[in-house]
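Geometric and topological summary
Single-letter residue listing:
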Amino acid sequence: MDMLWMMEAFSRLKKDSAVGVDGVTVRAYAVDLESNLADLLERAKSGCYRPPPGKRVQIPKNEKETRPISISTTENKVLERAVTMLLEPIYEADFLDCSYGFRPKRSAHQALDEIRGKLMGMNGGWVLDVDLRKFFDTIPHAQLMELLRLRVKDSVILRLIVKWLRAGVLEDGVFTISEDGTPQGGVISPILSNIYLHTVLDVWFETMIKPRLKREAHLIRFADDFVIIFKDLVDAQRVLDVLPKRFEKFGLSIHPDKTRLVDFCHPWDSERKPETFDFLGFTHYWGKTRKGGFSVKKKTSSKKLRRSLKGMHEWCKKYRHKSLEWQYNKICLKLQGHYAYYGVTGNYSSVAEFRHHVIHIWQHWLNRRSRKRDGMGWHRFHILLTSKFQIPPARIIHKAVREMQLNLNF
């Protein structure tokens, strides 16, 4: 790490990212950037750097639970980004193709395409849908550092990572330090989690488990979310039996109620109607094609759709007194962001449903903000939508890749 490296690390930070416990924004840090980075680099290499605790906030995980996020200071984000940039090329040489989360030139949609491709190529099968219980909060520090020392020999880097793991969090004025886990929301946390699961799961499955199976099987992982696809039910049950013991050995545990074995065999091969499973916000299912055959399709999961609509409801309520033009521009951005992720082939109806509900939610809160009898009734609102504030239409962004030399409609 040198000054050019630190400058590059700073340039990769989001300029509007949330501030940590010191309240210093990215723009404020950039006022005297060269001096700040030189001082940070000197403290990091000399061992004098002491990371401040993360500012903990709770964000919705689902309809009942919240997820604790630790927000680092701007200075700490720069240093974490610099170290992450050092670790990435080292571990990219080791990481396997089954891993898609938080890696350069890899995305959630590639993982989704891989799932569909494997299921279509296998003509369906059994899907082991696994849920790790509080993964980021339970990674043992000692075992994580043991794995890091296998590839990283620089004591400066190792010392910094230990300090980040032990930095603790500040929530409502209460400071706590955990013996386990990596801070969710930290810049370096994703690559540390990938390093841990690379050994615990990926390498173990590919080298120890896969050769012992009778028939075809594939692992697809995105961060701590993963599924394993099996052609043979006996293979799936054997792995399901041994998987909890494997994770327990490394201080992790599987959620027994959320982990399940899904019958996803082809409808023509299954004795009953195939089940569905959720992965990365989509429900995967067998659907009819135009030619009368079957294909693996996906749609926005009902939980994610309800959560997104609830978020829009709360947002429109909070900002209902802002100008119409300001609200319109923000809503357009939110819709385009939704289309960018959920706009996949076969999911148009769910995307259009989300747009439809957003329009109704917006009209509801615009109507509520006025005490006049007419308020923002549907007639007036419709005129605004058709004249000045035209809502972006539902779009499919991610087109399905044409299957070459593959015909399963027999």
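What this report covers is the structure whose coordinates are included nearby. Think of each chain on its own: its residues are numbered from 1, step by step along the sequence as written. Predicted model: local features are reported for residues with pLDDT of at least 70 only, side-chain atom pairs are reported and counted for 80 or more only, and whole-chain, interface and lining totals are derived from all residues. Processing note: side-chain calculations cover all non-hydrogen atoms of the structure and skip hydrogens and water entirely.

Strands here mean DSSP runs of E at least two residues long; helices mean DSSP runs of H or I at least four residues long; both are numbered from the N terminus. A count of helical and extended segments in the chain gives 14 helices and 11 strands. Principal-axis analysis of the C-alpha atoms places the extent of the chain at approximately 70 × 65 × 40 Å. For the chain, buried positions account for 46% of its 410 residues. Nonlocal contacts in the chain, meaning residues at least 24 apart in sequence, comprise 68% of its contacts between residues at least 6 apart. Areas reported here follow the Shrake-Rupley algorithm with a probe of radius 1.4 Å; residue values treat only the protein chains shown as occluding. About 21,800 Å² of surface is accessible on the chain, with carbon and sulfur atoms providing 52% of the total. The distance from the centre of the 69 positive side-chain charges to the centre of the 47 negative ones in the chain is 7 Å. Here the term buried applies to any residue with accessible area under 20% of the maximum for its type, exposed to any over 50%, and partly exposed to those in between, with areas from a 1.4 Å probe on protein chains only. Residues count as neighbours in contact if any of their non-hydrogen atoms are within 4.5 Å of one another. All tallies of charge rest on Lys and Arg as positive and Asp and Glu as negative; His and the ends of each chain are not included. A single reference atom marks each charge: NZ on Lys, CZ on Arg, CG on Asp, CD on Glu.

Below, the discussion takes up the side chain of His141. Topologically, His141 is positioned in helix H7 (residues 141-149). Residue His141 is classed as buried on the basis of its relative accessible area, which comes to 11%. We call two N or O atoms a polar contact when they sit within 3.5 Å, provided that within protein one can donate a hydrogen and the other can accept it, with sequence-adjacent residues counted only if both atoms are side-chain atoms. Polar contacts involving the side chain of His141 include one to the main-chain carbonyl oxygen of Gly181, which spans 2.7 Å. In this view, His141 contacts Leu165, Arg166, Ser178, Glu179, Asp180 and Gly181; residues no more than four positions away in its chain are not counted.

Our next topic: the sheet that holds strand S6 (residues 217-222). Criterion used throughout: strands pair if DSSP finds at least two bridges between them. Read across the open sheet, the 4 strands follow the order S6-S7-S3-S8; overall the sheet is antiparallel. The open sheet terminates on both sides in strands that have one partner only, identified here as S6 and strand S8 (260-265). Within this sheet the neighbouring strands show an average axis-to-axis angle of 20 degrees, counted without direction. Summarising the sheet, strand S3 (residues 124-130) and S8 pair through 6 bridges and their orientation is antiparallel. Its bridge partner lying in S8, Leu128 is registered against Leu261. Lying over the sheet, helix H5 (residues 108-121) contacts S3, S6, strand S7 (225-230) and S8, oriented at roughly 165 degrees with respect to S6. The convention used is that axes are lines fitted to C-alpha atoms, helices contributing only their stretch in contact, and that angles between N-to-C directions extend from 0 to 180 degrees. Sitting on the sheet, helix H9 (residues 189-209) touches S6 and S7, and the angle it makes with S6 is about 175 degrees.

Put simply, side chains in a regular strand alternate between the two faces of the sheet. Summarising burial for strand S11 (residues 294-300): 5 of the 7 residues are buried, a large majority. Joining the antiparallel neighbours strand S10 (residues 282-288) and S11 is a turn of 5 residues, in which Gly292 adopts a positive phi near 95 degrees.

In this section: empty space enclosed by the protein. Using protein atoms alone on a 1 Å grid, points that fit a 1.4 Å probe yet trap it form a cavity, whereas open point sets bounded by protein on both sides within 12 Å along at least five of seven lines form a pocket; residues with an atom within 4 Å of a point count as lining. Grid points are joined across faces, edges and corners, and a volume is the space filled by probe spheres set on the points. Inspection of every chain in the model, using the stated rule, returns 1 cavity of 30 Å³ or more. Here the largest cavity is characterised by a volume of approximately 30 Å³. Lining the largest cavity, in full, are Glu88, Glu92, Phe95, Phe102, Arg103, Pro104 and Ile191. Here the lining of the largest cavity is built from residues that sort into 4 nonpolar, no polar and 3 charged. Think of it as three bins: nonpolar holds Ala, Val, Leu, Ile, Met, Phe, Trp, Tyr, Cys and Pro, charged holds Asp, Glu, Lys and Arg, and polar takes everything else, Gly as well.

With that out of the way, let us pick up the sheet that holds strand S4 (residues 169-171). Strand order in the open sheet made by the 4 strands is S2-S1-S4-S5, with mixed pairing throughout. The outermost strands of the open sheet, each flanked by one partner alone, are strand S2 (66-71) and strand S5 (174-176). Each strand axis lies, on average, 40 degrees off the axis of its neighbour in the sheet, ignoring direction. Sheet topology places strand S1 (residues 54-60) next to S4; 2 bridges connect them, and they run parallel. Considered in S4, the bridge of Gly54 is made with Val169.

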